[in-house]
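Residues per chain are reported as follows:
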Amino acid sequence: MNKRVLFLIKAIFVILVLILFAFAANWHFNKNVSYTNDLPDKKTLIVYYSHSNHTEEIANIIKQYLNCDIKKIKSEEYENINTIDLTNLVTEQIQKNYLPKTEKVDISGYNVIFIGSPVWKGDLSLPVKSFLINNDFKNKTIIPFYTFGGYVDKPKLDNEIKKISNNDNVLPSFLTVHYKFAFIEYRVTRWLNKIHLN
Ligand SMILES: Cc1cc2nc3c(=O)[nH]c(=O)nc-3n(C[C@H](O)[C@H](O)[C@H](O)COP(=O)(O)O)c2cc1C
């Protein structure tokens, strides 16, 4: 093999190893999320809706690092239906401005609320909208996270949360496409560290 080609291959290999090393080191130092969720002003709850478990996966990672309470928003209307039927139903409901009934989630004892939603038709999922309408977010900090499948306008979702909850105290949100869960723990912990919870 030509000496130059060999040198190039070696150089690329070294660069790749260095990138991998930098990545691993970055993750190592990022991984610890220091957060005390039982301080009187930091009682934390994760609330999420999930139909096909992507958003649930993110909720569980957050819980793993913050060790706080977690509650799933439940709505009988969407149980045991496949994605195609769900999409048809939701399309119809959006046209009618309809919001589903959801089981009550009591947020009264918490001041920091993580809210997780799948993206539905470019917007928040309907059960999350119901949850936002049915609760009082006065003096609470909201931290949103979303999963989606194709395209989404994140600022629009954040603004929806602010508008419906009637609360501007919304910290930067986390967004991930559902089939790119690679390095997901790294990305979630980096986000949690960036928003300076403590
Ligand atoms: C009714 C419905 C509408 C959706 N609309 C969108 C959309 O507008 N944009 C998008 O990127 N993904 C859309 N998706 C894909 C979901 O956002 C994605 O699969 C998400 O990760 C599902 O989360 P879950 O598994 O927690 O339910 C839609 C899915 C459903 C079921």
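Coordinates for the structure precede this section.
Presented here is a report on the structure given in the accompanying data block. Since the structure is predicted, the reported quantities are computational estimates derived from the model, not experimental observations. (Residues numbered from 1 in each chain as written. Predicted model: local features only at pLDDT ≥ 70, side-chain atom pairs only at ≥ 80, totals over all residues. Heavy atoms only, no water.)

As for the side chain of Lys-140
Inspection of the secondary structure assignment puts Lys-140 in the loop between α4 (126-133) and β5 (141-148). Summary of buried charges: Lys-140 has no salt-bridge partner, and the nearest side chain of opposite charge, Asp-136, is 7.3 Å away. Of the polar contacts made by the side chain of Lys-140, one reaches the backbone oxygen of Ile-107; its length is 3.3 Å. Lys-140 has contacts with Ile-107, Ser-108, Tyr-110, Asn-111, Ile-113, Asn-167 and Asn-169, leaving out every residue within four places of it along the chain. (Helix = DSSP H or I, 4+ residues; strand = E, 2+ residues; numbered from the N terminus. Buried < 20%, exposed > 50% of the residue type's maximum accessible area, 1.4 Å probe, protein only. Lys, Arg positive; Asp, Glu negative; His and termini not counted. Salt bridge = Lys/Arg side-chain N within 4 Å of Asp/Glu carboxyl O. Polar contact = N/O pair within 3.5 Å; in protein donor to acceptor, adjacent residues only side chain to side chain. Contact = heavy atoms within 4.5 Å.)

Things to note about the packing of aromatic side chains
Taken as a whole and judged by the stated rule, the model has 6 aromatic pairs. Seen in terms of ring centroids, Phe-131 and Phe-137 are 5.7 Å apart; in terms of plane orientation they differ by 80 degrees. Their pairing is edge-to-face. Taken individually, Phe-131 and Phe-137 each receive the classification buried, so the pair is uniform in this respect. Here a set of aromatic residues connected by ring pairs shows up, and it is made of Tyr-49, Tyr-78 and Trp-120. (Phe/Tyr/Trp six-rings, centres within 6.5 Å; stacked < 30°, edge-to-face > 60°.)

Shape is all these values report; function is a separate question.
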